[in-house]
Amino acid sequence: MLESYPKLRFITAKIDEDLAARHAEFFGAQASRPFSRLKREKVIHDPLWGTNSYYWPELALIDSPLLQRLRFIHQTGLAYHVYPSARHSRFEHSLGIVTIASRIFEALFERYSGTILTIAKEKEISHGRDSIATAHRLKQELRLAALLHDTGHSLFSHASERVYSRIGLLQDAAEELSDLIGKEKGSGEVLSFCIAKSKSVATLLERARQKVRLEDFRENEDWDIDLDNVALLIVGSAGHPHLQFMGDIISSGLDADKLDYMLRDASSAGLPLRYDLERYLYTVALESDYMVDVDSALTKLYAAVGTKISARSPVKDRIRLPYYDTYRLRLPKRASSTMEQIVICKIMLFSYIYHHQKVRAAEGLLEKLLTRITDDWKSRSIDDSAAVLKFLGYDDCSIQGEDFLRSSDEEISNTSYRIVNRILPREVYRFSPAISHSGGELIKEFFLMLREREKRAGLIAELEKALGDELVRIDKRLAGKTASEALWTAGAWVDVPKPPNVEEVELSTGEYPTVTIENLFPIEEWTEAYQAHRYYVRVYAYSEYVDSAIRATRVAVEHIIGIRENSFFDSCLRKR
Amino acid sequence: MKFGISRSVGGTKGVNYRSEADAAAWSYIMAEQLVLGDVVRQLALLMKEEGIVLAFKNEEPWHLLFFRMKQELATDGPSFLRRLRFDADNRYPRCRELSEFLHALHTTCTAGVENPYFDELELDQDVTRVWREAQQHLKPETKQFLSQSLRIACEEFPHKPNA
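Source: prediction; values computed, not measured.

**Let's talk about the overall build of chain A**
Counting secondary structure elements, chain A contains 26 helices and nine strands. Its C-alpha radius of gyration of 25 Å places chain A within 12% of the 25 Å reference for a compact globule of 576 residues. Buried positions account for 51% of the 576 residues belonging to chain A. Considering only residue pairs separated by 6 or more positions, chain A has 73% of its internal contacts joining residues 24 or more positions apart.

Structure below.
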């Protein structure tokens, strides 16, 4: 599948080398694990989803370092600095999403067994097996994709993922991945995809198979897992257009990932947020649809995985480009209240947890620290592949280790100490597009520019540079430093969180056109209200530099955005 | 060929603006090359003048417009067009970056939508004043590019009934 994608191939090979060296018992040439005979299935209990079975391929992966590392990566990053009980890990989440993905598949099979068995009968999907066995294999591929979907995470989850985009190799690989599947993907998804594609996973599963008793393989089951399809499901795609609904189960506006993390994050933090999963499962639908083949991307993808299928010709006045028939995961219109709950739940999680000012302070500080560390690696000629492997070796405990708290670089060590001991920067100003002032268009344009990919980084850099220059000018403790040194010493930065994105979710009406959620309830009003009143661009600084930061921020904002009104700054200042 | 505006303000960033109008044009001054957001802003103004409905809830015309712009105008047009990515898992070519920007117009209060149907974007008067200010400084080749884009927009978007 990766013949034409050298960066993805390179990263996958590097991951194999690294796993073999680091965990020889599991992934080396003489690997011996799993050592004992494997049970066909085992039961694992989960506080949210109860008692669930996991099958031997999953058990082999769960008991390997690939999944065990996730036990030590907090699902909500540094949110436990604010919500002490938010200690749940990527490991629990990964098991949870297996359960939810499985339940969605079963719910679909219960109501659309005819369609799914017809899909499973197709020559390009069945690989010569009967449709029941093929449906079993498809479900198993879905479960493995769910299990592996977060294996590319590094310390404190998304905080480190944001630094991935600074690694050139991962950026290039993300471009290749986007080309391969015909849709935009970020650096964060590359590693889980490559891990699923690795020889390490394939050989571990093959060895595990030898450890299962023959009588545990039942008739009407197919265990010949297609790991290409598993890797594609992780990034919301599939190896055949008729299997796209499986990609939707793993990664889409209605995906199992969201269903698990929302409830898990809320429950662990102690927040009373719920949605009606039973109704979701009762109503979730499989709908025939089509996907246009933009720039022949899908044709290339299916050729790359060996699926022999051709695009259909455009239809005059209806479908402009060649297209593929497909099946998509949808909720019917009557399930809109479930979607409503999910959307509210997501917005509330942003408000309570992900965008909490102290959580942002901790994660922003970690991001600055990781940026400094990756810059340091570059200056020491540590290449990108080594950087990627370092990240894949980290977990949250690494913050106490030699690359962080015990680093010989005093700045890195001190900042790590602050994170570990919650000596966090304070919020100096918070800006929102809804703050009224004369010339209100300036703040609106500022916020709009922050949403433009090509202007955002430059604008933040300009503002921070002006902030740093002013800090140097007014604070004697920073005299003689450059702007960036002053910002680092004062723990000052401009924090621009990613706003909540409520993906376009289409609700089925049983016929074309389907309707988007916005048709049924005011999702746009909610997101607008959130962003106007609860989404902030903030300026942070260490407590000992807050007074200087207040003055410097004002000068920087006047200078860069052009707002000069006292009342504006008064309303944005965090008073204590 | 460089697209964008011909004006320069001392060649520095973070300049001391001489007037509010200068400050208002700052967003364009930062981008030396015309980028997606600039084109959406300027096209929205031109489309409004042409009596075109600025669709919001149904994003399809926007995506088809930029998809065609990429196909028909990218060779000699601004460089951002060549790197725009359109996803292949929808009923039409869909650009996530464009979608994000259209939603940002609304969520940053830059443009309103007519409730409760969210059919059409309504541009904020104060903000469009800023955009018009920048419009005056567009290079001739940028104006030509925008007029070619407007021609495609006329084919892809619905018009107001009495326009």
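**Here's the deal with the environment of A:D265**
Residue and element names in this part refer to chain A. Tracing the chain through its elements places D265 in helix α14 (residues 256-269). Take D265: there are 23 C-beta atoms within 10 Å of it, and that puts it in the buried class. C-alpha of D265 to C-alpha of A79: the two residues are 186 residues apart in sequence and 9.8 Å apart in space. Setting aside its immediate chain neighbours within four residues, D265 contacts Q75, T76, L349 and I353.

**Description of the domain arrangement of chain A**
Split into domains, chain A comes out as domain 1 (6-270) and domain 2 (425-497 + 536-576). Spacing between the C-alpha centres of domain 1 of chain A and domain 2 of chain A amounts to 42 Å.

**So, helix α22 (residues 453-474) of chain A**
For an α-helix, 3.6 residues make a turn, and residues three or four places apart therefore share a direction. Between its first and last C-alpha atoms α22(A) spans 33 Å; for 22 residues at 1.5 Å apiece the expected length is 32 Å, and the two agree. All of the buried residues in α22(A) are A:K455, A:L459, A:E462, A:L463, A:A466, A:L467, A:G468, A:E470, A:L471 and A:V472.

**Focus: the nonpolar core**
Within soluble globular proteins, side chains that are nonpolar generally end up buried alongside one another. Residue and element names in this part refer to chain A. Formed by 199 residues in total, the largest nonpolar core has its most connected members in A101, I234, I249 and A492. Per-element accounting of this core gives the leading share, eleven residues, to helix α5 (residues 90-121). Beyond its immediate sequence surroundings of up to four residues, I234 is in contact with A145, L148, H149, S192, F193, A196 and I250.

**Focus on helix α7 (residues 125-135) of chain B**
All names here are of chain B. V127, V130, W131 and A134 are the residues of α7 that are buried. With its buried residues spanning 95° around the axis, α7 presents them on a single face. Residues Q125 and R129 are exposed on α7 and point more than 90 degrees away from its buried face.

**Overview of the confidence of the model for chain B**
All names here are of chain B. Overall, the predicted model of chain B reaches an average pLDDT of 80, with 77% of residues at or above 70. At the level of individual helices and strands, chain B shows its lowest average pLDDT in helix α2 (residues 26-30), which scores 45, and its highest in helix α4 (residues 60-73), which scores 97. With pLDDT under 50 throughout, residues 5-18 is counted as low confidence; its partners more than four residues away or in other chains account for 21 contacts. Considering only residues more than four positions removed or in separate chains, one finds that residues 23-30, a stretch of pLDDT under 50, has 18 contacts. For this predicted complex, the interface confidence comes out at an ipTM of 0.91, alongside a pTM of 0.93.

**Re the sheet that holds strand β5 (residues 426-431) of chain A**
Residue and element names in this part refer to chain A. Strands sit in the order β5-β9-β6 across an open sheet of three strands; the sheet is antiparallel. Only two strands of the sheet have a single neighbouring strand rather than two, namely β5 and β6 (493-495). On average, each strand axis in the sheet is inclined to that of its neighbour by 25°, with strand direction left out of account. By the bridge criterion, five bridges tie β5 to strand β9 (residues 537-541) in an arrangement that is antiparallel.

**Quick word on the pairing of strand β2 (residues 50-55) of chain A**
Residues and elements named next belong to chain A. Sheet topology note: the strand β1 (residues 41-46)/β2 ladder contains six bridges and is antiparallel. By the bridge assignment for β2, K42 is matched with Y54. Connecting β1 to the next strand, β2, in antiparallel fashion are three residues.

Calculation criteria
- Residues numbered from 1 in each chain as written.
- Chains lettered and ligands numbered in written order.
- Predicted model: local features only at pLDDT ≥ 70, side-chain atom pairs only at ≥ 80, totals over all residues.
- Helix = DSSP H or I, 4+ residues; strand = E, 2+ residues; numbered from the N terminus.
- Rg over C-alpha atoms; globule rule 2.2 N^0.38 Å.
- Buried ≥ 20, exposed ≤ 12 C-beta atoms within 10 Å, placed from the backbone.
- Contact = placed C-beta atoms within 7 Å.
- Domains from an automatic or database assignment.
- Expected span 1.5 Å × (residues − 1).
- Core = buried A, V, L, I, M, F, W, Y, C linked by C-beta atoms within 7 Å.
- Arc of directions from axis to C-beta.
- pLDDT = per-residue confidence, 0-100.
- Pairing = 2+ DSSP bridges.
- Axes fitted to C-alpha atoms, helices over the stretch in contact; angles between N-to-C directions.

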